[in-house]
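Architecture at a glance
The chain contents come next:
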Amino acid sequence: MPKREMGEIRLFKSLKRSAKGAAVPHVKATAGLPTVKMPVPEHVVIPMSMHIGAPAEPVVKKGDTVMVGTVIGKAGGFVSANVYSSVSGTVQDIAPLRMVNGAMATAVAIKTDGAQTVDPACVPPVVTDKASLLAAVQACGLVGVGGAGFPTHVKLAANTIDTLLINAAECEPYLTTDCREMLECSDTIISGIAAVMKYCEIPHCIIGIERNKPECIDLLCSLTREMKGVEVKGLPMRYPQGAEKTLVETCTGREVPQFGPSGKPGLPADVGCVIMNVTSVSTLGKFLKTGIPLVTKRVTVEGDAIAKPQNIEVPIGTLYRDVIEACGGVKEGVELGKIIFGGPMMGGAAPSADFPVLKQNNGLLLFSKAAATLPEPSACIRCGRCIEACPMGLEPVVIAQDFANKDFDALKARCVDLCVACGSCTYACPAKRPVSQTMGLAKGWYMAELRKGGK
């Protein structure tokens, strides 16, 4: 590791302490249930922005006939991703859509015909080198489907990589989509890994799986035993093992710097690593075999308010309400209190069920009013548990005060930009204060001030 300047601070020395993070309950009730394929909904709504970077540009118009795998949105730049129709049918409308996170995006609404006819253009790509692999990844519309949504072809373009890390931690409670991917689609996981290692010339691969999935560890150990350079590593059952900086440190012992050589925030590539979610690499394996791009998503539907908890494969763009109906709807006699998209730690609350499933959605959690009612927060007792829980070694209780004072220099010194919004601080707080939310506001304000320049 190159020597760092003093201003970069003692970053992740605390990562080596197993006490960091939160001991969240490992509620994985759907892990043993085979994935159910959802009946084709009557219509889907597919946003052009389901990834980090520039939105895709619609290339269809109202009245057009589309098929499964038809391009409906072209990537709007290098850091962007193609968007494909997940159904066969007719384009009903192209209009602005308020996304579940509050952002606005253009979306294509499609009325389905129920036939799910695959576009003849969907043929397996010819891959002979790194350039053609990256073109195939781009043609797949592949992004980080574990939640981040970063276009995969961008991260694989780096030329300084010696280790491919497969993120199969799935450390959030309830979520079991990656677990089912490993048990049901291990062949395409292996073929995807083999392709990335071969054509990107990456000599080593570590598949990181939390130890609460012994059947997945055993299966992938047996399948990779003869694969040169591939290792399966059991990870501690301590949230958030799947956070990229934590994963890099746990698997390789390397420390992602606060700032990379360019002066921008550090990335795994700065220490020779590239991370792919296990379902992402499996999706690549499927695309190389079939030529069908990313058009479906496995979603864990769970919580005490859903009638039939399960993992269900749905066309991308399916509305939450249709997914909920396919899972039996809300339990009889239960008053629905909250819908969460994603996991309970990092997911967000949806104001209604009228939002579409995106490429990076992996959970839809329904909780009763009783379960969703938050306890009243009390005064901070300065116990320091939020500091002990933070996987980045930050000091939320101090950062909250610096933010209240709008002290830019203090927030910079406290490295507020390293917050990964994992929620461990809130979970650990005995006073039930919204610590993670305050951290998010503090980081947002700091980054906005930083972008203004002169700081």
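Details of the structure are given in the entry above.
Rules behind the numbers
- Residues numbered from 1 in each chain as written.
- Predicted model: local features only at pLDDT ≥ 70, side-chain atom pairs only at ≥ 80, totals over all residues.
- Heavy atoms only, no water.
- Helix = DSSP H or I, 4+ residues; strand = E, 2+ residues; numbered from the N terminus.
- Rg over C-alpha atoms; globule rule 2.2 N^0.38 Å.
- Buried < 20%, exposed > 50% of the residue type's maximum accessible area, 1.4 Å probe, protein only.
- Contact = heavy atoms within 4.5 Å.
- Areas by Shrake-Rupley, 256 points an atom, 1.4 Å probe, with all protein chains shown as cover.
- Lys, Arg positive; Asp, Glu negative; His and termini not counted.
- Charge placed at Lys NZ, Arg CZ, Asp CG, Glu CD.
- Pairing = 2+ DSSP bridges.
- Axes fitted to C-alpha atoms, helices over the stretch in contact; angles between N-to-C directions.
- Parallel < 35°, antiparallel > 145°, perpendicular 65-115°, else oblique.
- Left-handed = near helix turned anticlockwise from the far one by under 90°.
- Nonpolar A, V, L, I, M, F, W, Y, C, P; charged D, E, K, R; others polar.
- Core = buried A, V, L, I, M, F, W, Y, C linked by side-chain atoms within 4.5 Å.
- Patch = residues over 30% accessible without salt bridge, like charges linked within 9 Å, V, L, I, M, F, W, Y side chains within 5 Å.
- Salt bridge = Lys/Arg side-chain N within 4 Å of Asp/Glu carboxyl O.
- Right-handed = clockwise from strand over helix to strand, strands pointing away.

A separate point is the overall build of the protein chain. Regarding its fold elements, the protein chain presents 14 helices and 17 strands. A globule of 455 residues ought to have a C-alpha radius of gyration of about 23 Å, and the protein chain, at 22 Å, matches this closely. Taking the principal axes of its C-alpha atoms as reference, the protein chain extends roughly 60 × 55 × 50 Å. For the protein chain, buried positions account for 52% of its 455 residues. Nonlocal contacts in the protein chain, meaning residues at least 24 apart in sequence, comprise 72% of its contacts between residues at least 6 apart. Entry remark: accessible area of the protein chain is about 19,900 Å², with carbon and sulfur atoms responsible for 56%. Separation of charge centres in the protein chain, based on 48 positive and 42 negative side chains, amounts to 4 Å.

Taken in spatial order, the 4 strands line up as β2-β8-β7-β4 in an open sheet, and their pairing is antiparallel. A single partner strand is all that each edge strand has here, and the edge strands are β2 (43–47) and β4 (65–66).

Okay, the packing of helix α3 (residues 177–184) against helix α7 (residues 278–290) next. Where α3 contacts α7, the axes come no closer than 9 Å and their chain directions differ by 40°. Looking at the two axes, α3 sits oblique to α7. Where α3 crosses over α7, the two elements pack in a sense that is left-handed. Contact residues: α3 offers Thr-177, Asp-178, Glu-181 and Met-182, while α7 offers Val-278, Thr-279, Ser-282 and Lys-286. Of the residues contributing to the contact of α3 with α7, the split by class is 2 nonpolar, 3 polar and 3 charged.

This part is about the packing of helix α4 (residues 186–199) against α7. For the pair α4 and α7, the least separation of the axes is 7 Å and the interaxial angle reads 85°. Overall, the two elements α4 and α7 adopt an arrangement that is roughly perpendicular. Two secondary-structure elements touch here, α4 through Asp-187, Thr-188, Ile-189, Ser-191, Gly-192, Ile-193, Ala-195 and Val-196 and α7 through Val-278, Val-281, Ser-282, Leu-284, Gly-285, Lys-286, Leu-288 and Lys-289. The class makeup of the residues in the contact of α4 with α7 is 8 nonpolar, 5 polar and 3 charged.

Next up on the list: the nonpolar core. Core analysis: the biggest nonpolar cluster contains 63 residues, and Ile-72, Leu-164, Ile-166, Ile-193, Ile-207 and Ile-209 have the highest contact counts within it. Of the residues forming this core, the biggest block, 7 residues, is contributed by α4. Those residues in contact with Ile-72 that lie beyond four places of it in its chain are Ile-46, Met-48, Glu-57, Pro-58, Val-59, Val-60, Val-66, Val-83, Tyr-84, Ser-85, Val-108 and Ile-110. Within the second largest apolar cluster, 20 residues are counted, among which are Phe-341, Val-357, Leu-364 and Leu-366.

On the surface, a nonpolar cluster with roughly 260 Å² of combined accessible area is contributed by Ile-52, Phe-78 and Val-79. You can see Val-79 is positioned in the loop between β5 (71–74) and β6 (83–84). For Val-79, a relative accessible area of 32% corresponds to the partly exposed category.

Before going further, it helps to spend a moment on the pairing of strand β11 (residues 230–235). Judged from the 6 bridges that link them, strand β10 (residues 204–210) and β11 form a sheet pairing that is parallel. When the sheet's bridge partners are listed, Gly-208 is paired in β11 with Lys-233. Tracing the backbone out of β10, into helix α5 (residues 214–224) and back to the parallel element β11 gives a crossover that is right-handed.

What follows deals with the pattern of salt bridges. A side chain with one charge may pair with a side chain of the opposite charge, provided their charged atoms come close. In the structure shown here, the tally under the stated rule is 10 salt bridges. Of the charged contacts, one joins Asp-64 and Lys-61 as a salt bridge, the two residues approaching to 3.2 Å between their closest N and O atoms. Among the residues examined, Lys-61 registers a relative accessible area of 54% and is labelled exposed. One salt bridge in this structure joins Glu-181 and Arg-298, with 2.6 Å as the shortest N-O distance.

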